[in-house]
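One-letter residues, chain by chain:
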Amino acid sequence: MSLLKSEDTLPRVGQETVNELDALYARAIADGDEDAAKKLQTQLCWALVHSHRDENKLKGVAMLEALLPSAFTHEDKHECLYLIAVGLYRLRKLVDAKRVVTQALQEAPHSRQAEALRQLIDDAIMQDGLIGVGLVVGVAGLIGIGATAVASALSTSRRR
């Protein structure tokens, strides 16, 4: 493990689990069972943002963002915000993930889970920043080498 990167220990969910929860959720809605539908919707959102597939993560984030205005308790709001931040982190939308996990920590300042996610996001931002700096330095070096080669070639051709 590098000094810059925390271990991403967030769970991963396979497509089979997502499909099962989606079917159960649809059945609960069709049956008019509001209590079961609410519980299954939460479970489905959790599975979606922890999925391997980006389209699932996007769907989960969208569902959670739609749920957020109806979150009545701090705990519900914190859970929605935390899961949105997980989805955004997994989608590598790090600035947005940082903003949302900060909101989650405002709802539940002592949440170790949200604090650990904040650290993962900070480490990813730092790593991406260092990679960006490395790319800029590498490109600048290549430009410098190219300019030196052109100048050398021009110098050689003028001496002839």
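Because the structure is predicted, anything quoted here is derived from the model rather than measured.

## Things to note about unusual backbone geometry
Unusually for a residue other than glycine, R92 sits at a positive phi of about 65 degrees. Within the secondary structure layout, R92 lies in the loop between helix 4 (74-90) and helix 5 (94-107).

## Notes on the pattern of salt bridges
All chains considered together, the criterion is met by 7 salt bridges. Here E107 makes a salt bridge to K77, at a shortest N to O gap of 3.6 Å. With a gap of 30 residues between them, E107 in helix 5 and K77 in helix 4 connect regions that are remote in the sequence. On the accessibility criterion, K77 (32% relative accessible area) is partly exposed.

## Description of the nonpolar core
Membership of the largest hydrophobic core comes to 36 residues, with the highest contact counts inside it found for L10, L44, L64, Y82, Y89 and L117. Among the secondary structure elements, those contributing two or more residues to this core are helix 1 (15-30), helix 2 (34-49), helix 3 (54-67), helix 4, helix 5 and helix 6 (112-159). Sort the elements by how many residues they give to this core and helix 4 lands first, with 9 residues. With residues up to four places along the chain from it excluded, the contact list for L64 reads C45, V49, C80, L83 and I84.

## Side note on the side chain of Q41
Residue placement: Q41 occurs in helix 2. Not counting chain neighbours up to four residues away, the residues in contact with Q41 comprise Y25, M63 and L67.

## Structural notes on helix 4
For helix 4, spanning 17 residues, the distance from its first C-alpha to its last is 24 Å, which sits close to the expected 24 Å at 1.5 Å a residue. Extensive coverage of helix 4 is indicated by the burial of 12 of its 17 residues. The complete set of buried residues in helix 4 reads H78, C80, L81, Y82, L83, I84, A85, V86, G87, L88, Y89 and R90. In the segment just after helix 4, R92 is the residue with positive phi, at about 65 degrees.

## Considering the packing of helix 2 against helix 4
Where helix 2 meets helix 4, the axes come as close as 9 Å, and the angle between the chain directions of the two elements is 25 degrees. Relative to helix 4, the element helix 2 lies roughly parallel. For helix 2 against helix 4, the interelement crossing comes out left-handed. On the side of helix 2, the interface is formed by T42, W46 and V49, while helix 4 contributes E79, L83, V86, G87 and R90. Residues that form the contact of helix 2 with helix 4 fall into these classes: 4 nonpolar, 2 polar and 2 charged.

## Focus: the packing of helix 1 against helix 2
Between helix 1 and helix 2, the shortest axis-to-axis distance is 9 Å and the interhelical angle comes to 160 degrees. It follows that helix 1 is roughly antiparallel to helix 2 by the angle criterion. For helix 1 against helix 2, the interelement crossing comes out left-handed. Counted together, V18, L21, D22, L24, Y25, A28 and I29 of helix 1 and A36, A37, L40, Q41, Q43, L44, A47 and L48 of helix 2 form the full contact between these two elements.

The rules behind these values
- Residues numbered from 1 in each chain as written.
- Predicted model: local features only at pLDDT ≥ 70, side-chain atom pairs only at ≥ 80, totals over all residues.
- Heavy atoms only, no water.
- Helix = DSSP H or I, 4+ residues; strand = E, 2+ residues; numbered from the N terminus.
- Salt bridge = Lys/Arg side-chain N within 4 Å of Asp/Glu carboxyl O.
- Buried < 20%, exposed > 50% of the residue type's maximum accessible area, 1.4 Å probe, protein only.
- Core = buried A, V, L, I, M, F, W, Y, C linked by side-chain atoms within 4.5 Å.
- Contact = heavy atoms within 4.5 Å.
- Expected span 1.5 Å × (residues − 1).
- Axes fitted to C-alpha atoms, helices over the stretch in contact; angles between N-to-C directions.
- Parallel < 35°, antiparallel > 145°, perpendicular 65-115°, else oblique.
- Left-handed = near helix turned anticlockwise from the far one by under 90°.
- Nonpolar A, V, L, I, M, F, W, Y, C, P; charged D, E, K, R; others polar.

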